[in-house]
Amino acid sequence: MEKKMQKLKHLLWRTGFGPRTQSWDKWMALPENAWWPKMKDDSVVKPEYFDIADSAVKGLLMGIGEIGRMERRDLDQAEKKQIREQSRDDLRNLNLLWLEEMTRTQAQLREKIALFWHGHFASRNINILYQQQLLHVIRENALGNFRDLLRGVSKSAAMIAFLNNQQNKKQHPNENFAREVMELFTMGRGHYTENDIKEAARAFTGWSFKLNGDFVFRSFDHDKDEKTVLGKSGKFDGDDIIDILLEKRNTARFIARKMYKFLVNDTIIPEERITWLGDRFYDSGYQILRLLDDIVRSDWFFATENMGSRIKSPVEYWIGIRRVLPMELEEPEVQLKLQRALDQILFYPPNVAGWPGGKAWIDSSSLMLRLRIPQLIVDRGDLDVQTKDDDDQQMGMKNKNQKGVLTANVDWKPVLKQFAGVSANDLAQRVADYLWQTETRVPVQVLEKYTARDDKDSSIKSVMIRLMATPEYQLC
Amino acid sequence: MLIKRRDFLKTGSLATASMFMPKFLKAVEGRNMLAPKGKVLVMLQMNGGNDGLNTVIPVRNDIYYKERKRIAVPRETSLSLGTEAGLHPVLSALKNAYDDGEMAVLNSVGYPNPDRSHFRSMDIWQSASAASEYWQTGWIGRFLDAQCAGRPSAALEIDDTLSLALKGTQSKGLALKDPKRLYESAHNQYFVDYSAAHTDQHEEAPVAYLYKTMAETLSSADYLFEQSRRKPASGNYPATGLGKQMKTIASLILADTDTSVYYVSLGSFDTHINQEAQQKRLFTEMNEALAAFIKEMKANGKWNDVLLATFSEFGRRVSQNASGGTDHGTANNMILLGGSLREKGLINPMPDLTDLDAGDLKYNIDFRQVYATLLERWLDADAEKILGRKFDMLGFV
C-alpha cells in the first residue's frame, strides 16, 4: 500500500469518521503537511444547536420555569408522562440528526472529538431537552478548554439528574456525583480517598437545576461548613472542588491517556508519552486543541504500530461506511436498531463509565453482524436481529416502529469513478488499499469466486462489498 | 444456623438413580478429569448493586426497620425463610425452591477493601481479583483456559456482548442471544471460505483476534443450533428479556450441549431513587423466568445437574437515603438454587446490623471462596490455579 495513502486514511479515520469518497482525491492532492491544518480549519465554525425538543415538551418545561413563582411546582402525572413519551421519540431524532452531522459535516474533527466526550461524560437521561442541552455543551466545547467543558457538563441538568445530585443535600449527602466527577471525569482511580469523596459530596450539595434545564444553586440545601478535599480545607462549594481537581496534574494525565487511547492506540500505551502529553496539556491551561496538536504532530502518531491497530466502534464503523459508500436511507430509523445490535447507542451509554471500546466491541454475534451489514445494504435486507429487551439499557429506545430493514439507495457513481481505470487483475488489491488499514494480503482466489463478472461496474461493486465484509475492515 | 434439612429420598424420586452416579464417582476421580457431562453452572448477574437486605429480609431485626422506615419490607408480606428471615414478596419461585430444600442463601459475601463504584466492583467480581489488583481476564475465562481448550461453546453468555467474566487469555466464551440468530448470521459460504483462506501467521494482534473470533463462531454456530433444535424448551417462559434467556439456556441443557457455564444478567438494580417499584419490577421478571426454568429442569430430570447462583457487584447501605432508595454498599447475599445442594436454607447467619463499617455490612465470606467451591466441587477444576491463590472451600456442594 502506498504510504501516503495509508497516512491520509489514518488521519481521516482517527480525527474524523474516515474518508469520504467524493473528496478523497482532493485530500490526496494536498501536501501531507496541509492535512492536519485543514482538519482543524474545517472545524472552526461553531456547531449548530440541535433543537429537536417538541414544542409541547418545551412549553411544559420552559414555560413553568419562566413563570418564576411556579418554578418548583411539580409536574402532574399526565404532564410527566407526556414529556417522557415525547422525549423518547425526540431522542431518536436527536440521535439520527447527530449521525447525519457526523456523516456529512466538514467539521469532522469537532464531531469526532465530541463523540469522545460523549463517551467520557456518559449520561443517561430520557429528558430530550436536557440531553440536547448537554450535547450542545459538549459539541461547543469539544475543541475548546477542558475547564469550560467540565464545568458546563457538571452543571448540566442531564448530568446532575443522572448522577443524583438533586438528592445530594446537607442532611443526606449523596456521593454519586462527587465520586464520578473524580473517578471518571477528572483524576481517575487511585488518586483520592473515600473520605475525599465524602467531603467533596458535601461541597456539591445544593447543585441542582430548574425544570427548563438551567443550573441553580439551592443555598438552603448546601452544606456551608468546612470540608477537607485532597489536602485542602475550606468552606468549599462545587466550583471550588472543580478548581481543586483541575489543579492536579493527574487530571491532565488522565484525560491525555484517554485521548491517546482514542486517537492513537488503545493497547500499546507508553507511559512517557502520557506524562509528556498530560504535562503539556496541564501547562497549556487545559486547551484541548493543544493536546490534539501534540498528538497528531508527534513523530509516533503515524508509526506503523499505530496504524490499523484500532477496532472501530459501531458508530465509527457505520458512519465510515456511509462516508465511503454514499447512500440515502429511506428509513433512517434502522440506524437505531443497528446501534443497539452492535451495542453502542448514542445517548444510552452502558453506564457512567461510557463504552469500554477495543476488543470489547467484538464478540461472536456483533462480529457476524458487522460482516453481514455491507451485503444487507445492497440487498436492502433486514437486519433480522433480536435486540435486547431490557428497559434499563434501552430506556426509550424500545418501541413499536423500530425499523430493521436497511432500505438504502447507494450512490455508486463516486466509487465507480474512483476505480474506473483499474484493471481487473489489480481491482481487489486496489479496493483493499482504499478500504483497509492493515497490510493483510487479499485472498485473491476467494475474492474471484465471489466477484460479479457481468461488467466492470458490478465487479467494482461486489469487490467493495466483499472487502467490507472482512475482519480487516473492522480496523482503522 | 437455619438449615432446613430435607428428605434426601424425595429428590431421588424426581430423578433416576443414574443421575446421582456422576456425583458419587466424582468423589473418587482425579481433579484433572473433565467435568462430568451434564454438570451445569448458571451465573445470574444482577447489575447495578442489588439491595440484598430487601431481598432476604431480616424480619426480626429492629435496626433494619428503624433504618428503613420508608422502604423496609414488612415481615407479614415477606415469604418466610424460617423465623429470622423472609424473602421479598414477589420471589415465590425461590420460596418454593426453599421449601423443597433446593435453595440456599449465603449471607455477607464480599471482599476486603470493598469498592463502591459499579464497574470497578463488577470488574473485581468478574475477574476475581483482589480490590488492589487489576486483572484483564475473567474467572470463567481462566476456567476455559485451564480445561476447555478446543471447546468454544464451553461457556456461553446469553447476551449481545461478552462480559469480562468469560474472557480468558487463550479461550473466550461465546456470546449469543439465541442459537438460531447465531446460526443464521454465520451460515454464509463466503465467510467460511474467507475464514479458511486466512493462513497468515504473522498478524498484528487485532486482526488475529478478529479471525479467531470468526473461526470459533462459525464452528460453534452449527453445533449449538443443531443441539438447540433437538429438544426445544417448552415451559411457560415469560416474554421478558430474562424469560427468553432462561428459555435458551433450558433448551441447550435439555439437548446435553457440551456447555458447562451459562452466564446471564439482569438489571439495573441501582436503586438510588424509588427503590420499591424498580426492585419489584426486576424481581418479578426474575421470578417468572426462574419459575419456568426450575419447573422445566425438574420435569426433565436435569435439576440435580444444575446449579444457579445469583450475585451483584455490591449490596447497599443499611440506611435508606432521602429519595426512597439506597446508596452503594458493600457485602451482599448470594442465592444458590439447584437439585443437589448439600447445604440448604440460610447457610450462615443473617448479617449483623450492630456491627457495621461506616454504615455498611461487613463481609464474612469472600466471594472467591464461593467461586473456588463452584470451580473445584461443581466444575471439577483446579480452583487455586484459576484464582491465583488458595481459598477455603464452602460446603454447599
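This structure is a prediction, so every number in the text was calculated from the model and none was measured. Sequence order as written defines residue numbering, which begins from 1 separately in each chain. In the order they appear in the text, chains get letters beginning with A and ligands get numbers beginning with 1. Where local features are concerned, this predicted model is filtered to residues with pLDDT of at least 70; where side-chain atom pairs are given and counted, the filter is 80 or more; whole-chain, interface and lining totals use all residues. Side-chain measures were taken over the full set of non-hydrogen atoms in the model, leaving aside hydrogen atoms and water.

Trainee: How would you summarise the overall build of chain A if you had to cite specific residues and measurements?
Mentor: Counting from the N terminus, the helices are the DSSP runs of H or I reaching at least four residues and the strands are the DSSP runs of E reaching at least two. Tallying secondary structure elements over chain A gives 23 helices and 6 strands in all. What you see for chain A is a C-alpha radius of gyration of 24 Å, in line with the 23 Å of a compact globule of 476 residues. If you line up chain A on its principal axes, its C-alpha atoms span 75 × 55 × 40 Å. Burial statistics for chain A: of 476 residues in total, 62% are counted as buried. Restricting the contact set of chain A to residue pairs at least 6 apart, pairs at least 24 apart contribute 74%. Using a 1.4 Å probe, the Shrake-Rupley method yields the accessible areas, and only the shown protein chains count as cover for residues. Counting every atom, chain A has about 17,900 Å² of accessible surface; 47% of that belongs to carbon and sulfur. Charge counting treats Lys and Arg as positive and Asp and Glu as negative, with His and both chain ends excluded. Taken as the charge centre is NZ of Lys, CZ of Arg, CG of Asp or CD of Glu, depending on the residue. If you average the places of the 72 positive and of the 69 negative side-chain charges in chain A, the two averages end up 1 Å apart. For this measure, only C-alpha atoms enter the radius of gyration; the expected value for a globule follows 2.2 Å times N^0.38, where N is the number of residues. Any residue under 20% of the maximum accessible area for its type is buried, any over 50% is exposed, and the rest in between are partly exposed; the area is computed with a 1.4 Å probe on protein chains only. Contacts are assigned to residue pairs with any non-hydrogen atoms lying within 4.5 Å of each other.

Trainee: Summarise the environment of B:Lys95; cite the residues concerned and give the values.
Mentor: With respect to the helices, strands and loops of the structure, B:Lys95 is situated in helix H4 (residues 92-99). Among the polar contacts listed, one links the side chain of B:Lys95 to the backbone oxygen of B:Ser80, at a separation of 2.7 Å. A 3.5 Å cut-off defines polar contacts: any pair of N or O atoms within that distance qualifies, except that in protein one atom must be a possible hydrogen donor and the other a possible acceptor, and neighbouring residues in sequence count only when both atoms are side-chain atoms.

Trainee: For the sheet that holds strand S4 (residues 85-87) of chain B, give the residues involved together with the corresponding values.
Mentor: Residue and element names in this part refer to chain B. Pairs of strands are assigned from DSSP output, requiring at least two bridges between the strands. Across the sheet, which stays open at both edges, the 3 strands sit in the order S2-S4-S3 with antiparallel pairing between neighbours. Edge positions in the sheet fall to strand S2 (56-58) and strand S3 (79-80), since each of these pairs with one other strand and no more. Both S2 and S4 contribute to a ladder of 3 bridges, which runs antiparallel. The residue bridging Val56 from the neighbouring strand is Leu87, located in S4.

Trainee: So what's going on with the interface of chain A and chain B? Which residues, and what values?
Mentor: Frequently, the measure chosen for interface size is the accessible area removed from exposure when the parts meet. Opposite the 55 residues of chain A that make contact, chain B presents 51 residues. For the pair chain A and chain B, the summed buried area comes to about 4,700 Å², and 56% of that belongs to carbon and sulfur atoms. What makes a salt bridge here is a side-chain nitrogen of Lys or Arg within 4 Å of a carboxyl oxygen of Asp or Glu, nothing more. Counting every contact that joins chain A to chain B gives 4 salt bridges. For the side of chain A that touches chain B, the secondary structure elements donating two or more residues are helix H10 (176-186), helix H17 (334-342), helix H18 (364-379), helix H19 (391-394), helix H22 (444-449) and helix H23 (456-468) of chain A. Per-element tally for the side of chain A that touches chain B: the top contributor is H18(A), with 6 residues. Among the residues forming the side of chain A that touches chain B, the class breakdown is 20 nonpolar, 15 polar and 20 charged. Accessible area that two parts lose when put together, with a 1.4 Å probe and added across both, is what the buried area reports. Nonpolar residues are Ala, Val, Leu, Ile, Met, Phe, Trp, Tyr, Cys and Pro. Charged residues are Asp, Glu, Lys and Arg, and all others, Gly as well, are polar.

Trainee: Any chance you could break down the environment of A:Leu336 for me, citing the residues and the numbers?
Mentor: Looking at the secondary structure, you find A:Leu336 in helix H17. Sequence separation between A:Leu336 and A:Asn93 is 243 residues, and the spatial gap between their C-alpha atoms is 9.7 Å.

Trainee: Can you explain the pairing of strand S5 (residues 103-110) of chain B? Please cite residues and give values.
Mentor: All names here are of chain B. Of all 8 residues that make up S5, 8 are buried, and the element is covered over most of its length. By the bridge criterion, 5 bridges tie S5 to strand S10 (residues 332-338) in an arrangement that is antiparallel. When the sheet's bridge partners are listed, Val109 is paired in S10 with Asn332. Here 2 bridges tie S5 to strand S12 (residues 365-366), and the two strands are oriented parallel to one another. Opposite Gly110, over in S12, you have Asp366 as the bridge partner.

Trainee: Account for H4(B), with residues named and values stated.
Mentor: All of the buried residues in H4(B) are B:Ala93, B:Leu94, B:Lys95, B:Ala97 and B:Tyr98. One or two steps after H4(B), the chain reaches B:Gly101, where phi turns positive at roughly 70°.

Trainee: Can you lay out the confidence of the model for chain B for me, pointing to particular residues and giving the numbers?
Mentor: You can read pLDDT as the predictor saying how much it trusts each residue, on a scale of 0 to 100. Here chain B averages 87 in pLDDT, while 88% of its residues score no lower than 70. Scored below 50 in pLDDT, residues 1-36 of chain B makes 53 contacts in the model with residues more than four places away or belonging to other chains.

Trainee: Please provide a residue-by-residue account of the nonpolar core, values included.
Mentor: Definition used in this section: a nonpolar core is a set of buried Ala, Val, Leu, Ile, Met, Phe, Trp, Tyr and Cys residues joined via side-chain atoms within 4.5 Å. Among the nonpolar cores identified, the biggest contains 215 residues, and A:Trp117, A:Phe146, A:Trp318, A:Ile373, B:Met246 and B:Phe293 are the most heavily contacted of them. Top contributing element to this core by residue count: helix H11 (residues 275-299) of chain B, with 9 residues. For each domain, the first and last residues come from an automatic or database assignment. When residues of this core are sorted by domain, at least three fall in each of domain 1 (163-247) and domain 2 (314-474) of chain A.

Trainee: Could you give an account of the side chain of B:Asn287, naming the residues involved and the relevant values?
Mentor: All names here are of chain B. For Asn287, the location among the structural elements is in helix H11. Polar contacts involving the side chain of Asn287 include one to the side chain of Ser92, which spans 3.0 Å. The contact partners of Asn287, leaving out residues within four places of it in the chain, are Val90, Leu91, Ser92, Ala93 and Leu94.

Trainee: Please give an account of unusual backbone geometry that cites residues and values.
Mentor: In this model, B:Gly267 is joined to B:Ser268 through a cis peptide bond whose omega is 10°. Within the secondary structure, B:Ser268 is located in the loop between strand S8 (261-266) and H11. The backbone of A:Tyr286 shows a phi angle near 65°, a positive value even though the residue is not glycine. Mapped onto the elements of the fold, A:Tyr286 is located in the loop between helix H14 (271-283) and helix H15 (288-296). Here A:Tyr286 falls in the buried class, since its relative accessible area comes to 2%. In the Ramachandran plot, B:Asp380 falls in the positive-phi region, its phi being about 55° despite a non-glycine side chain. Among the structural elements, B:Asp380 can be located in the loop between helix H12 (367-378) and helix H13 (383-387). Judged by relative accessible area, which is 8%, B:Asp380 ranks as buried.

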